[in-house]
Amino acid sequence: MKIVVIGGTGLIGSAVVSNLAANGHDAIPASPNSGVNTLTGEGLADVLDGTAAVVDVSNSPSFEDHAVLEFFETSTRNILDGMVAAKARHLVALSVVGDDRLPDSGYLRAKVAQEKLITSSGLPFSIVHATQFFEFIDRIADSAMEGDTVRLPSVLFQPAAAGDVSAVVGEVAQGAPLMGILEIGGPEQFRFDELVRRHLAAHGDTRTVVADPHARYFGTELEERSLVPADGARLLPTTYENWSRQQEARS
Ligand SMILES: NC(=O)c1ccc[n+]([C@@H]2O[C@H](COP(=O)([O-])OP(=O)(O)OC[C@H]3O[C@@H](n4cnc5c(N)ncnc54)[C@H](OP(=O)(O)O)[C@@H]3O)[C@@H](O)[C@H]2O)c1
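Sequence order as written defines residue numbering, which begins from 1 separately in each chain. At least 70 in pLDDT is required for a residue's local features to be given in this predicted model, at least 80 for side-chain atom pairs to be given and counted, and no such filter applies to totals for whole chains, interfaces and linings, which use all residues. The side-chain values count all of the structure's non-hydrogen atoms but skip hydrogen atoms and water molecules.

Colleague: Would you take a moment to explain the layout of surface pockets for this structure?
Modeller: Any space left empty among the atoms is revealed by the rolling of a water-sized probe across them. Taken as a whole, the largest pocket encloses approximately 820 Å³ of empty space. Lining the largest pocket are 35 residues, with Val57, Ser58, Asn59, Tyr107 and Phe133 sitting closest to its centre. Contributions of two or more residues to the lining of the largest pocket are made by helix H1 (11-22), strand S4 (90-96) and helix H4 (106-119). Here the lining of the largest pocket is composed, by residue class, of 20 nonpolar, twelve polar and three charged. Points on a 1 Å grid, built from protein atoms alone, make a cavity when a 1.4 Å probe fits but cannot get out and make a pocket when they are open with protein on both sides within 12 Å along at least 5 of 7 lines; residues with an atom within 4 Å of a point are the lining residues. Grid points are joined across faces, edges and corners, and a volume is the space filled by probe spheres set on the points. A helix here means a DSSP run of H or I that spans at least four residues, while a strand means a run of E at least two residues long, and both kinds are numbered starting from the N terminus. Each residue is assigned to one class: nonpolar for Ala, Val, Leu, Ile, Met, Phe, Trp, Tyr, Cys and Pro, charged for Asp, Glu, Lys and Arg, and polar for all the others, Gly among them.

Next comes the structure, spelled out in structure tokens:
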């Protein structure tokens, strides 16, 4: 079937496109690079024509509070309107574990706004809530810099490999709409500061990582379980150690 992947050139999106194509689907990546802009609506009606399902794994180029809210609200409205016009029957969106318990984060408020538009749209949907990707750890460290140190709270952290997350998103897109949220996370729990320290050291990054209970993560303080999925979440197979080995083998 035809499945349009909004953000299909990104980290998750490109793997979702490959995965769907390998399963015999007509998987179409849609992003500004391919002439489709969900913020302006450019190219959207054309690409959605004849599609059975849409996967939205796009991301805002800016994480600034106002810009990211504008991105997810306007893009989601345009995607939903386009799906109604094209009579597409399933929207799959990727969001973040714990977004609804961290309202001080502008980024996570925007993800909650995206989800509200989807769940109240009346269109069949599936939302996948993932924990942070191993691939995102460097950006987390950069965003947690104060002076020349990285400051992070020592809370629980359960990241996953982007490849595993993409496989689940692809699987969900091929199935019946969940009309709810599927929570997924990595196979192991770490202390946030400890894994970031270990990751930077393994990559020859000499920045110091300091445990600070009041350090903010994308605008919000965190509690012990803010970033981890609930009991019963689906755990993904790739450990941090195996992911690191795969990364080394590729470089
Ligand atoms: N990072 C994490 O740890 C994490 C955890 C859980 C969930 N998520 C969610 O995962 C999703 C995907 O993240 P990612 O890291 O794969 O993103 P990414 O690599 O930054 O890719 C973003 C994609 O969005 C596209 N895009 C940007 N502006 C667009 C627009 N105006 N119209 C259409 N497409 C646009 C980009 O297209 P171009 O290539 O053409 O610019 C690109 O394909 C996000 O929604 C994020 O909230 C992330």
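Once you've had a look at it, read on.
Colleague: What is the right way to look at the environment of glutamate 188 in this model?
Modeller: Topologically, glutamate 188 is positioned in the loop between strand S9 (181-185) and strand S10 (190-191). Residues glutamate 188 and tyrosine 240 lie 52 residues apart in sequence; the distance between their C-alpha atoms is 8.1 Å. Throughout, a residue-residue contact means that at least one pair of heavy atoms, one from each residue, lies within 4.5 Å. Excluding its chain neighbours within four sequence positions, the residues that come into contact with glutamate 188 are Phe157, Gln158, Thr239 and Tyr240. Here the side chain of glutamate 188 touches tyrosine 240 through a polar contact of 3.1 Å, landing on its backbone nitrogen. In protein, a polar contact requires one atom able to donate a hydrogen and another able to accept it; more generally it is a pair of N or O atoms within 3.5 Å, and residues adjacent in sequence count only if both atoms are side-chain atoms.

Colleague: When you look at the sheet that holds strand S2 (residues 26-30) in this model, what are you seeing that I'm missing?
Modeller: By way of backbone hydrogen bonds, the strands of a sheet pair with one another, either parallel or antiparallel. What the seven strands build is an open sheet, ordered S2-S1-S3-S4-S5-S9-S12; its pairing is parallel. Each end of this open sheet is capped by a strand with a single partner; those strands are S2 and strand S12 (234-235). Only strands joined by at least two bridges in the DSSP assignment are considered to pair. In the sheet, S4 pairs with strand S5 (residues 125-130) via six bridges, with the strands oriented parallel. Looking across to S5, one finds that serine 95 is bridged to histidine 129. Lines fitted to C-alpha atoms define the axes here, with helix axes fitted over just the stretch in contact, and angles between the N-to-C directions of these axes take values from 0 to 180 degrees. Taken strand by strand, H1 contacts strand S1 (2-6), S2, strand S3 (53-56) and S4, and its axis lies near 170 degrees from that of S1. Against the sheet, helix H6 (residues 162-174) contacts S1, S3, S4, S5, S9 and S12, and its axis sits at roughly 155 degrees relative to S4.

Colleague: Can you help me understand the nonpolar core in this one?
Modeller: One broad trend across soluble globular proteins is that nonpolar side chains are buried collectively. Residue types Ala, Val, Leu, Ile, Met, Phe, Trp, Tyr and Cys, when buried and joined through side-chain atoms within 4.5 Å, form a set referred to as a nonpolar core. Three exposure classes are used, based on accessible area relative to the maximum for each residue type with a 1.4 Å probe and protein chains only: buried under 20%, partly exposed in between, and exposed over 50%. Core analysis: the biggest nonpolar cluster contains 30 residues, and Phe192 and Val196 have the highest contact counts within it. If you list the elements that add at least two residues to this core, you get helix H3 (65-86), H4, helix H5 (137-143), strand S7 (149-152), helix H7 (192-202) and helix H8 (240-250). Here this core gets four residues from one element, more than from any other, and that element is H7. Once you skip the residues sitting within four places of it in the chain, phenylalanine 192 turns out to touch Ile140, Leu152, Pro153, Ser154, Val155, Phe157, Tyr217, Leu222 and Leu227.

Colleague: So what exactly am I meant to see when it comes to H8 here?
Modeller: The set of residues buried in H8 consists of Tyr240, Trp243 and Ser244. Down the axis of H8, the sector holding all buried residues measures 100 degrees, keeping them to one side. Exposed side chains of H8 directed beyond 90 degrees from the buried face belong to Arg245 and Ala249. Looking at the packing, one finds that the buried side of H8 touches H5, S10 and H7. Taking the helix axis as origin, the arc is that swept by the directions to the C-beta atoms.

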